[in-house]
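Next come the chains, spelled out residue by residue.
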Amino acid sequence: ENTAPPAAPNPWVTNSVASVNGAPLRSMLALPALLRQLPGRKWVFSNGPQHYVEAIVQHLGIAHQIERSFGMDSFGLTPKPRLAAYRSVLRQAGLAGGDCIMVEDSVQNLRTAKRLGMRTVWLSRSYRKPVWVDWRLSSLGELRRLALLP
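Throughout, residues of each chain are indexed from 1 in the direction in which the sequence is written. In keeping with the predicted nature of the model, local features appear solely for residues at pLDDT of at least 70, side-chain atom pairs appear and are counted solely at 80 or more, and the whole-chain, interface and lining totals rest on all residues. Based on all heavy atoms of the structure, the side-chain values leave hydrogens and waters out of the count.

Asker: Give me the lowdown on unusual backbone geometry, citing residues and values where you can.
Answerer: For the bond running from Lys 80 to Pro 81, omega is 10°, close enough to zero to count as cis. Tracing the backbone shows Pro 81 in the loop between strand E3 (68–70) and helix H5 (83–93). Although it is not a glycine, Leu 77 sits at a positive phi angle of roughly 55°. Partly exposed residues are those whose accessible area sits between 20% and 50% of the maximum for their type, while under 20% is buried and over 50% is exposed, using a 1.4 Å probe and protein chains only. By relative accessible area, which is 57% here, Leu 77 ends up exposed. Put simply, DSSP marks the helices as runs of H or I at least four residues long and the strands as runs of E at least two long, and each gets a number from the N terminus on.

Asker: An account of the packing of aromatic side chains is needed here, citing residue identities and associated values.
Answerer: Each aromatic pair joins two rings of Phe, Tyr and Trp (for Trp, the six-membered one) with centres within 6.5 Å, and gets the label stacked for planes under 30 degrees apart, edge-to-face for over 60, and tilted for any other angle. Here the structure, examined in full by the defined rule, presents two aromatic pairs. Here Phe 45 and Phe 75 contribute two aromatic rings whose centre-to-centre distance is 5.0 Å and whose plane-to-plane angle is 80°, an arrangement assigned as edge-to-face. Placement of Phe 45 in strand E2 (residues 42–45) and of Phe 75 in the loop between E3 and H5 is noted, with a sequence separation of 30 residues between them. With a relative accessible area of 1%, Phe 45 lands in the buried category.

Set out below in structure tokens:
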């Protein structure tokens, strides 16, 4: 498993809603501090509706750290892992795939991200790691080891 840090502090595209749904709330209490430690700009990209994604970001206390949230209605109701959803979000954010690191709990969503040149982080306790996954972590807290922190 690759444990080297990313080459540069590029934007992080996260799927916070899925992570919230899959993680105990107490583990989310450290999320604001974790996001402050990670370099780069941050977005949330979720298949949930826009109002729900924004409500979750507010509830978690990370709204001031997230540049923009993209719910499914903001990218044409075309869900991940369809390529059109990713292209729409990248276009709206003014980014190229190679400028992003996608943190996701769905390995299939990471396959599309990798096709677009993103570096990929899979949140999973699985022992296997598909070739399109750059890093497999068991928790969000482990993101610190990938960041270029002081």
